[in-house]
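Read off the chains here:
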Amino acid sequence: MAVIETFDKVQAVIDEINGSEPKTAADLEQFRIQYLGSKNVIKSLFGLIKEVPNEQKREFGQLVNKAKNTAEAKFEVLKTALESAADEAQAADIDLSAPGEPQALGSRHPLTTTMNRIIRIFERIGFVVEEGPEIEDDWHNFTAMNTPEDHPARDMQDTFYLLNNTEMLLRTHTSSVQARTMTSQKPPIRIIAPGRVYRNETISARSHAQFHQVEGLYIDENVSFADMKQTLLYFAKEMYGPDKEIRLRPSYFPFTEPSAEMDVYWGLETETDYRITKGTGWLEILGCGMVDPNVLENCGIDSEKYTGFAFGMGIERQAMLLYDVGDIRLFFENDVRFLKQFKSAF
Ligand code: DAH
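Treat the numbers as computed from the prediction; the structure is a model and nothing was measured.

Procedures and definitions
- Residues numbered from 1 in each chain as written.
- Predicted model: local features only at pLDDT ≥ 70, side-chain atom pairs only at ≥ 80, totals over all residues.
- Heavy atoms only, no water.
- Helix = DSSP H or I, 4+ residues; strand = E, 2+ residues; numbered from the N terminus.
- Buried < 20%, exposed > 50% of the residue type's maximum accessible area, 1.4 Å probe, protein only.
- Near = heavy atom within 4 Å.
- Polar contact = N/O pair within 3.5 Å; in protein donor to acceptor, adjacent residues only side chain to side chain.
- Areas by Shrake-Rupley, 256 points an atom, 1.4 Å probe, with all protein chains shown as cover.
- Pairing = 2+ DSSP bridges.
- Phe/Tyr/Trp six-rings, centres within 6.5 Å; stacked < 30°, edge-to-face > 60°.
- Lys NZ or Arg CZ within 6 Å of the ring centre and 35° of its normal.
- Contact = heavy atoms within 4.5 Å.
- Axes fitted to C-alpha atoms, helices over the stretch in contact; angles between N-to-C directions.
- Lys, Arg positive; Asp, Glu negative; His and termini not counted.
- Salt bridge = Lys/Arg side-chain N within 4 Å of Asp/Glu carboxyl O.
- Parallel < 35°, antiparallel > 145°, perpendicular 65-115°, else oblique.
- Left-handed = near helix turned anticlockwise from the far one by under 90°.
- Nonpolar A, V, L, I, M, F, W, Y, C, P; charged D, E, K, R; others polar.

> Looking at this structure, I do not really get unusual backbone geometry. What am I missing?
Excluding glycine, residues mostly carry a negative phi; peptide bonds, for their part, are mostly trans. The amide bond that connects Pro187 to the next residue, Pro188, takes the cis arrangement and shows omega of 0°. Mapped onto the elements of the fold, Pro188 is located in the loop between helix 7 (175–184) and strand 5 (189–198). Here the bond from Glu257 into Pro258 is cis, since omega is -5°, no more than 30 degrees from zero. Looking at the secondary structure, you find Pro258 in strand 8 (residues 256–265). Look at Asn146: it is not a glycine, yet its phi comes out positive at around 65°. When you line up the elements, Asn146 lands in the loop between helix 6 (138–143) and strand 3 (161–162). On the accessibility criterion, Asn146 (16% relative accessible area) is buried.

As structure tokens, this is what we get:
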């Protein structure tokens, strides 16, 4: 091939590049493969350099480089032009008069709603909220609550102890807040203590290793069992309806004497009533009792002068009743499809 022809060939490619006008993304891709791809035309032009006399090799190399630079620059220009054309087309598609996209509002977790509802009911009769730590020491959780080490009643609550310090544990009940309050405040004490508690339980539809409780404590002079019963009756009516009845069954808790469990009359009309009340119509809601004098003394309160009552209830159970939820695990999975069913003003 004559030298002139070789140079012409390169120039022809440059002209071709300058003249090409890809209109679509597919055209542009064709352009890229042809001039910038791994087997592009310009690479083959570099191969022609061996046919060029030595004194012209430099000039030839520069021309081929020019072809390469032209292709690169043209590609960038074309790419930008195609992109902005696409943006414009999209912008033209936007209908400014169309209604906005709705933003879904979140809602409170059903356990929070239930907890708040319980708190409100007690706040109305003068109880104030107290909180305590979830990682608690042995003394507040057990010993102060009249359950010293090796006391068999500790078996009632299977506990998570901290590996590096067995004096510390995940509190098994909110009753630990009773001890914290009695050691830091003087009677009259009228508190409600909501919060999360932990037990080493097998997780199933009915029980979980973490759950929530609300504790109540009232200490003053001359507080009686009748005061407790009346307070709890008021709670049951506010929570479940004015026609609700309660009953107290004798029970045992280390920190109260006497102790009781409270049932609410749920009814026996539907099949569900039968199932959840095990055919009795009564539903167990909470444990309660008169604060054991040992507990008062452990916490530095004169048990000759003061008496009091305490109670503790599980929140999941109440939420399951209120919202007809059949599996406790749903509360902890945070599945939005479950959670968004609970819209509430609380
Ligand atoms: N702490 C008890 C539990 O978790 C519940 C309880 C029962 C709390 C009786 C009380 C009470 O304050 O008086 O099983």
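On we go from here.
> How should the site of the ligand be read in this particular structure?
Close to the ligand lie 16 residues; His173, Ser175, Arg199, Gln213 and Glu215 are nearest. Here an oxygen atom of the ligand sits 3.0 Å away from a polar atom, N or O, in the side chain of Gln178. The backbone of Phe311 places a nitrogen or oxygen atom 3.3 Å from an oxygen atom of the ligand. In isolation the ligand exposes 360 Å². Once the protein is present, 91% of that is buried. Of all the secondary structure elements, the ones that give two or more residues to the shell around the ligand are helix 7, strand 6 (210–220), strand 9 (282–291) and strand 10 (307–314).

> Would you take a moment to explain the pairing of strand 4 (residues 165–170) for this structure?
Side chains on a regular strand alternate between the two faces of the sheet. Looking at chain direction, strand 2 (residues 135–137) and strand 4 are connected through 3 bridges and run antiparallel. Bridge pairing in strand 4 links Asp137 to Met168. Sheet topology places strand 3 next to strand 4; 2 bridges connect them, and they run antiparallel. Looking across to strand 4, one finds that Leu162 is bridged to Asn165. Linking two consecutive strands that pair antiparallel, namely strand 3 and strand 4, is a turn of 2 residues.

> Is there a simple way to think about helix 11 (residues 315–323) in this case?
Given 3.6 residues to a turn, an α-helix orients residues that are three or four positions apart in the same direction. Along helix 11, the residues classified as buried are Ile315, Glu316, Gln318, Ala319, Met320 and Leu321. One or two steps after helix 11, the chain reaches Asp324, where phi turns positive at roughly 55°.

> I'm lost on the packing of aromatic side chains in this one. Help?
Where two aromatic rings form a pair, the distance of their centres and the angle of their planes describe that pair. A complete count under the given rule lists 15 aromatic pairs for this structure. Taking the centre distance of 5.4 Å and the plane angle of 70° together, the rings of Phe122 and Phe127 count as edge-to-face. We note that Phe122, like Phe127, is buried. One residue, Lys244, lies across the ring of Trp266, its end atom 5.1 Å from the ring centre.

> Looking at this model, I keep getting lost on the sheet that holds strand 7 (residues 246–253). Mind explaining?
Backbone-to-backbone hydrogen bonds pair the strands of a sheet. The strands run either parallel or antiparallel. With respect to topology, 7 strands assemble into an open sheet ordered 1-5-6-10-9-8-7, the strand pairing being mixed. Because the sheet does not close on itself, it has two edges, and the strands there are strand 1 (128–129) and strand 7. Sheet topology places strand 6 next to strand 10; 8 bridges connect them, and they run antiparallel. Its bridge partner being in strand 10, Gln213 is matched across the sheet by Gly314. Strands strand 1, strand 5, strand 6 and strand 10 of the sheet are contacted by helix 5 (residues 110–123), whose axis makes an angle of about 165° with strand 5. Each of strand 6, strand 9 and strand 10 is contacted by helix 11, which is oriented at about 60° to strand 10, the strand it contacts most.

> So what exactly am I meant to see when it comes to the sheet that holds strand 3 here?
Strand order in the open sheet formed by 3 strands is 2-4-3, and the pairing between neighbours is antiparallel. Of all the strands in the sheet, just strand 2 and strand 3 have a single pairing partner and so form its edges.

> Can you walk me through the side chain of Glu215 in this structure?
Along the chain, Glu215 falls in strand 6. Buried within the structure, Glu215 lacks any salt-bridge partner; Arg199 is the closest side chain of opposite charge, at an N-O distance of 8.3 Å. Among the polar contacts listed, one links the side chain of Glu215 to the side chain of Ser175, at a separation of 2.8 Å. Sequence-distant contacts of Glu215, defined by excluding residues within four places in its chain, comprise Thr174, Ser175, Gln178, Ile191, Ile192, Ala193, Phe311 and Gly312.

> What is the right way to look at the packing of helix 1 (residues 3–19) against helix 4 (residues 54–93) in this model?
For any two helices packed against each other, the geometry comes down to the angle between their axes and how far apart the axes lie. One way to put it is that helix 1 packs onto helix 4 with a least axis distance of 9 Å and a crossing angle of 15°. When the interaxial angle is binned, helix 1 and helix 4 end up roughly parallel. In this structure, helix 1 crosses over helix 4, and the sense of that crossing is left-handed. Only Gln56, Glu59, Phe60, Leu63, Val64, Lys66, Ala67, Thr70, Ala71 and Lys74 of helix 4 make contact with helix 1, whose side of the interface consists of Val3, Thr6, Phe7, Val10, Gln11, Ile14, Ile17 and Asn18.

> I would appreciate a short explanation of the packing of helix 5 against helix 11 in the present structure.
Where helix 5 contacts helix 11, the two axes come as close as 9 Å, and the packing angle between them is 100°. Here helix 5 lies roughly perpendicular to helix 11, going by the angle between them. Contact residues: Pro110, Leu111, Thr113, Thr114, Met115, Arg117 and Ile118 in helix 5; Ile315, Glu316, Gln318, Ala319, Leu322 and Tyr323 in helix 11. Grouping the amino acids of the contact of helix 5 with helix 11 by side-chain chemistry returns 8 nonpolar, 3 polar and 2 charged.

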